[in-house]
Structure formats: C-alpha cells, structure tokens
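Per-entry structural report
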Amino acid sequence: MKKITAILIFIFFGQQILRAQDYINPLDFRLLLSGSFGELRSNHFHAGIDIKTQGVEGQKVYAIADGYISRIKVSSYGYGKALYIRHYDGRTSVYAHLKEFSSKIDSITKKEQYIRKSFEINIYPLPNTINVNQGDIIALSGNSGSSGGAHLHFEIRDTKTEQPLNPLDFGFKVKDIIPPIIKELKVFNIEDAINRDNIKNQIFRVKKNNKLYSIDSIINVDKKIGLGIFTYDQSNDAYNKNGVNSIKVFLDSALIYFFELDRLDFNKNKYINAHIDYQEKKNSKKKFHKCFKLPNNSLKNYKEILNNGYIRLNDNNIHKVRIEVNDTYQNTSILNFKIRMKTEQKELKSNEITDANIRTKLFPWNYENSFENDNFKISLKERTLYETINFRYKKKDSISGVYGMIHMCHYDYVPLHKRATISIKSKIPNQLKEKAYIAKVNNERYSYVGGKWKNNYLTTKTSELGDFAIVVDTINPVIKGINIYPGKEIKKQTTIKCTIEDRESGIKKYNGKINDQWILMEYDHKRKLLKYNFDEIIKKGNNTFVLEVEDMVGNIKVYKAKFSY
Ligand SMILES: [Zn+2]
C-alpha cells in the first residue's frame with residue numbers, strides 16, 4: 001500500500017514538474033530593451049517588452065516553452081505579423097512585428113489568406129493542430145505593422161483573462177542597475193478645474209544629488225492640488241528611455257498614492273489618457289504621470305489611493321512630500337520637496353470668454369451630452385469624458401482645400417474615451433456629395449475622419465475633439481509599378497512590386513489579380529509597398545496582372561500590365 005502511494009505521489013508530482021515550465025529567451029542573444037512593460041504609449045500602456053534585434057530584421061525567434069499556436073494575426077498595422085503560443089501553465093506568449101513565419105505556419109497562413117482572399121487575417125488554430133516545442137524556431141523577427149524600427153515585441157499573457165503580465169517577472173534577464181530618472185514635477189491647481197483657461201499649473205525642474213532628487217524652495221500651493229511627475233527608466237547598455245514600474249507618493253510620511261504596472265487590461269488600456277497629463281503631452285510631448293485620479297478613470301493599477309490622490313491643505317504649516325519611483329528591478333529614485341498653502345487665496349476669476357463668437361455648454365462627464373446649432377451637431381455618450389468640461393463651439397473661417405466653414409468643436413487636448421458623433425450640414429452640389437468626407441483640420445492641414453449623408457447632414461464618429469470641416473476628394477489613388485510594366489519579359493525576378501498611395505482620403509482597399517485569379521499581395525503601409533511573391537498562380541508564357549486600388553470615398557484606380565514569364 002505504501003509503495004502504491006509513493007508511486008502515485010511520484011506520478012502526481014512528476015506531472016507537476018513537467019507542467020511547471022521554465023521559459024527560455026525568445027532570441028538567442030542578450031536581451032536589451034527598447035521598450036518596457038506598461039510604458040506610456042499613445043492611447044495605451046505598452047502590453048509587453050520591446051527587445052532589440054541588433055538593429056536588423058531576420059533574427060530567429062524561438063518558442064519560449066512547449067505549447068501550440070493558438071492565434072495567427074497578419075495586419076499592415078498594429079502588431080503586423082504576430083504569433084500567439086498557448087502554453088500548458090495557463091499563460092500565452094505573444095511575438096509581434098515578425099518578418100516571416102516558419103514554413104509550416106506560413107503555409108497554413110497562406111492557405112487561409114487565399115481562402116479569405118485577404119492579406120489581413122486573424123485565425124485561431126485549434127489545440128494541437130500546430131504544436132511547438134520549447135526552442136523551436138517559429139519565425140524571423142522583423143519590423144512589420146506599426147513598428148518604428150526592427151525589434152521583437154514580446155508579451156506574456158494570462159491565458160484565461162488575456163491580461164498582459166510583465167514578462168520581466170518570469171525570469172527573463174535584463175541587466176538594469178540604473179534607477180529611474182526624474183525630470184520634472186507638476187503641481188495642478190484643482191480648484192475650479194472646469195475653467196481651464198484660468199488655471200496656473202506649475203512645472204518645477206528637479207535637482208539631482210546622488211540618488212536623491214529635490215526642489216530647493218518651498219512650493220506655495222493652492223488649497224486643493226494634484227501632483228504629476230515626468231519620469232522614465234533606463235537599463236544598462238541601452239540608450240532607450242523606457243517606462244517606470246511604480247510610483248508612490250507620501251504626504252508627511254503617510255502613503256497617499258501607489259500606482260503599479262504589474263498587469264494590464266486591454267479593456268481599460270485607453271484610460272491611459274486619463275492617467276497621463278494629456279494636454280501637456282499634446283503641447284510638449286512630455287508624458288507626466290498624474291498622481292491623482294480623474295472621476296471617469298477605471299484603471300485597476302492604483303493599489304492605494306487616498307482622496308483620489310488629491311491633496312487638500314487645511315493649515316499654513318509646511319508639509320513634506322516624498323515621491324518614490326521604481327523600475328521592475330526595484331531600483332528606486334526619490335524626490336523630496338516641501339509645500340505650504342498660499343497665504344493669499346486669490347479670488348478665482350469666473351470663466352471669462354473674450355471671444356463673443358464662442359458658444360459654451362457644460363458637459364458633465366457622467367451624462368450624455370450634446371450641442372447643436374444651425375448647421376452643426378455633436379453628441380457624446382455618458383462616460384465619454386474623463387472629467388466635466390465647459391464645452392466650446394465656434395465657427396471659423398475656411399482654409400484652402402476645405403469646403404465651407406470650419407467648426408471648432410472644443411479642443412483636441414481634451415481626450416475622449418469613446419467616439420463622439422458629429423454632423424455637419426452642407427449645401428454641397430449633388431455631384432460632389434458622394435466624394436465628400438469630414439476631415440479633422442489641424443494647422444492648415446486636414447486628415448480623413450469619415451462620413452455618411454443623411455438628409456443634408458454628413459455624419460461620422462470621431463475619436464478626437466478639435467476643428468472639423470468638409471473636404472471633397474475626387475482624385476484617384478496612384479499606382480506605380482516597381483519591377484513591372486506592360487509588355488515586360490520577366491526572366492529572373494520572383495516578385496511583383498508596386499507602390500500605392502492616396503494623398504487625400506487614404507486607401508480603403510486593394511485587389512491584385514493574375515489571369516483573373518486573386519493573388520496574395522502583402523501590404524507594407526510604411527513603404528506604401530504591395531508585394532506578390534510568385535506562387536502557382538503565375539504561369540509560364542503570357543500573364544495579365546491587374547491591380548485595383550480604392551480610396552475612402554470610392555475613387556478607383558486600375559493598373560493593368562500584360563507580361564510574359
Ligand atoms: Zn512593443
């Protein structure tokens with residue numbers, strides 16, 4: 001009996017040991033980071049780490065543990081070519097911006113692309129259809145999608161919740177003995193925050209003395225304030241400015257704020273725009289962490305927060321503030337300073353608007369809001385704003401290229417969590433109507449937002465506030481053959497390459513065919529490049545290549561070349 005128990009125990013623990021996997025590096029050279037977990041990116045916290053690939057594409061990418069390929073995604077934007085491996089320990093690893101997949105994965109992908117007649121795909125292979133062992137080469141690293149240079153984007157996710165975890169918590173070794181760098185402190189006057197024009201937020205450069213940062217003079221502050229900190233982290237032997245892992249604020253040695261990027265949630269990732277000082281980022285590109293929480297901010301990364309992080313002073317004493325910033329490897333930097341309530345509380349001016357053409361309306365963050373005048377409408381669902389604003393509208397003079405007035409629809413430094421619906425009324429001639437769209441206007445330049453006609457209103461959804469106007473695009477996209485032209489005798493080449501471009505509304509779709517059969521053309525939007533790798537569709541002898549490109553408002557350009565092969 002004892003013997004049987006021992007054997008059973010051995011089997012049980014033996015399996016446990018087999019299941020508890022140690023991960024290996026996804027690349028076979030030293031890990032240097034160009035991006036860290038939780039780093040502040042546009043509209044999201046960075047969900048993984050960016051690993052340098054020695055400045056080039058084509059490095060071998062390895063499965064970090066046994067598992068199976070659970071998702072294959074190909075896109076010209078975002079993650080580009082990406083692979084997901086589901087492991088047996090409840091975690092999933094993600095590898096993105098790849099140049100190409102291993103030949104087995106590639107042939108499965110191509111088959112799907114031909115079935116769906118689409119370069120962009122997102123498929124979920126069933127368990128055990130594409131198994132991988134630890135150390136298998138699954139892909140070559142690249143720069144595909146919205147990547148700004150050769151690197152491997154790597155994630156570890158909790159399979160059940162799909163929440164990204166910090167990969168550096170799983171034994172991947174990066175040398176980092178450098179504490180975070182603290183650059184600036186910002187003091188936000190919170191009183192009467194709706195009247196933004198009157199607010200004097202103060203920025204202080206900090207002084208560094210060994211590992212301690214400080215601000216020399218006592219800071220005189222208003223009764224109710226919030227703090228913000230401009231800080232970043234660096235690791236050894238890499239120049240990149242990466243994100244920090246946690247921030248703590250102590251007021252008179254009591255912890256009032258603890259923000260930690262230990263795990264993320266894709267459903268809440270956009271609240272980054274409530275967490276950072278969005279207006280400052282728009283103005284100066286500096287990303288300040290706010291050490292206070294706006295009313296409509298559902299991030300779960302505030303592990304400790306008193307009075308939503310706001311500091312309210314009730315006396316004229318000097319108060320000590322300490323801010324501690326940590327990176328993943330517990331290197332710490334500390335900023336010490338003192339605050340005291342201003343002796344004279346200035347009478348806050350009411351929200352004076354000197355421009356008589358500006359219309360205003362209060363938009364409380366937790367309500368549905370709308371504004372309308374004779375030829376413009378905007379509506380926001382509840383919880384679209386992170387805080388209450390005094391919405392402003394104004395008609396502005398037109399600029400060249402734009403049809404009719406420009407509608408100033410508040411300011412684009414106020415972020416939106418959900419898209420708002422805007423409508424512009426126009427008496428545009430009927431023949432131009434179907435080529436019209438709503439554009440966001442920015443410093444004499446404009447960019448496509450969208451638009452559908454209903455009665456005399458052109459309506460679209462926008463993810464930003466700002467200036468809007470109607471633009472008409474009647475210009476076809478441009479196609480240029482790179483290694484193809486009508487009548488070409490192809491001898492040695494193995495690809496057909498074209499560039500495609502649409503400078504007005506932008507490219508909506510493209511379709512390449514040889515001898516009337518759909519061909520897979522890979523789209524690299526950064527190089528405006530379409531590429532067909534020869535496969536069984538091209539035939540010996542005479543072939544006809546046709547490429548059709550359509551822009552956002554339906555202007556179509558067709559390129560045709562008969563060639564021999
Ligand atoms: Zn990345």
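As a reminder, the structure under discussion sits directly above these lines.
One structure accompanies this document, and this report is about it. (Residues numbered from 1 in each chain as written. Predicted model: local features only at pLDDT ≥ 70, side-chain atom pairs only at ≥ 80, totals over all residues. Heavy atoms only, no water.)

**Concerning the overall build of the protein chain**
Assigned secondary structure in the protein chain consists of five helices and 46 strands. In terms of overall dimensions, the protein chain has a C-alpha envelope of 90 × 90 × 45 Å along the principal axes. Taken across its 565 residues, the protein chain has 49% of its residues classed as buried. Once local pairs closer than 6 in sequence are excluded, the contacts in the protein chain between residues at least 24 apart make up 68%. (Helix = DSSP H or I, 4+ residues; strand = E, 2+ residues; numbered from the N terminus. Buried < 20%, exposed > 50% of the residue type's maximum accessible area, 1.4 Å probe, protein only. Contact = heavy atoms within 4.5 Å.)

**A few points about the coordination of the zinc ion**
Those protein atoms acting as donors to the zinc ion are His46 (NE2), Asp50 (OD) and His153 (ND1), and they sit at 2.0 to 2.1 Å. Positions of the donor residues of the zinc ion along the chain correspond to the pattern H-x3-D-x102-H. Remark: histidine 153 occurs in strand β13 (residues 151-158) and aspartate 50 occurs in strand β4 (residues 49-52); sequence separation between them is 103 residues. By relative accessible area, aspartate 50 is classed as buried at 5%. (Donors = N, O, S within 2.8 Å, 3.2 Å for Na, K, Ca; no water.)

**Describing helix α2 (residues 103-116)**
Between the first and last C-alpha of α2 there are 20 Å, a value that for 14 residues agrees with the 20 Å anticipated at 1.5 Å per step. Taken together, the buried positions of α2 are Ile105, Thr109 and Gln113. Down the axis of α2, the buried side of the element spans an arc of 70°, and every buried residue falls inside it. Exposed side chains of α2 directed beyond 90 degrees from the buried face belong to Ser103, Lys111 and Ile115. Those residues of α2 hidden inside the fold are in contact with β6 (67-74), β7 (81-87), β9 (100-101), β10 (121-123), β12 (137-140) and β42 (517-518). One or two steps after α2, the chain reaches lysine 117, where phi turns positive at roughly 50°. (Expected span 1.5 Å × (residues − 1). Arc of directions from axis to C-beta.)

**Points about the pattern of salt bridges**
This structure, assessed with the given rule, holds 29 salt bridges. The residue lysine 342 makes a salt bridge to aspartate 222 at a minimum N-O spacing of 3.3 Å. In this pair, lysine 342 is assigned in the loop between β27 (332-341) and β28 (359-363) and aspartate 222 in the loop between β19 (219-221) and β20 (224-232), connecting sequence segments 120 residues apart. Take lysine 342: its relative accessible area is 27%, and that puts it in the partly exposed class. Under the relative-accessibility criterion, aspartate 222 is labelled buried at 15%. The residue lysine 491 makes a salt bridge to glutamate 489 at a minimum N-O spacing of 3.9 Å. Grouping residues by exposure puts lysine 491 and glutamate 489 together as exposed. (Salt bridge = Lys/Arg side-chain N within 4 Å of Asp/Glu carboxyl O.)

**Observations concerning the packing of aromatic side chains**
Tallied over the full model, the rule gives 23 aromatic pairs. Measuring from centroid to centroid gives 5.1 Å for phenylalanine 376 and tyrosine 393, while their planes differ by 25°, and the two rings are stacked. In this pair, phenylalanine 376 sits in strand β30 (residues 376-380) while tyrosine 393 sits in strand β31 (residues 389-396), placing the two residues 17 residues apart along the sequence. Given the relative accessible area of 0%, phenylalanine 376 is considered buried. The class for tyrosine 393 is buried, based on a relative accessible area of 2%. Each ring, one from tyrosine 532 and one from phenylalanine 534, has its centre 5.7 Å from the other, and the planes form 45°; the classification is tilted. By the burial criterion, tyrosine 532 is buried, and phenylalanine 534 matches it. Aromatic rings pair up to connect Tyr23, Tyr95, Phe154, Phe170 and Phe172 into one cluster. Stacked on the ring of phenylalanine 250, the Lys or Arg arginine 322 has its end atom at 4.2 Å from the ring centre. Across the ring face of tyrosine 457, the terminal group of lysine 377 is positioned such that the distance to the ring centre comes to 4.4 Å. (Phe/Tyr/Trp six-rings, centres within 6.5 Å; stacked < 30°, edge-to-face > 60°. Lys NZ or Arg CZ within 6 Å of the ring centre and 35° of its normal.)

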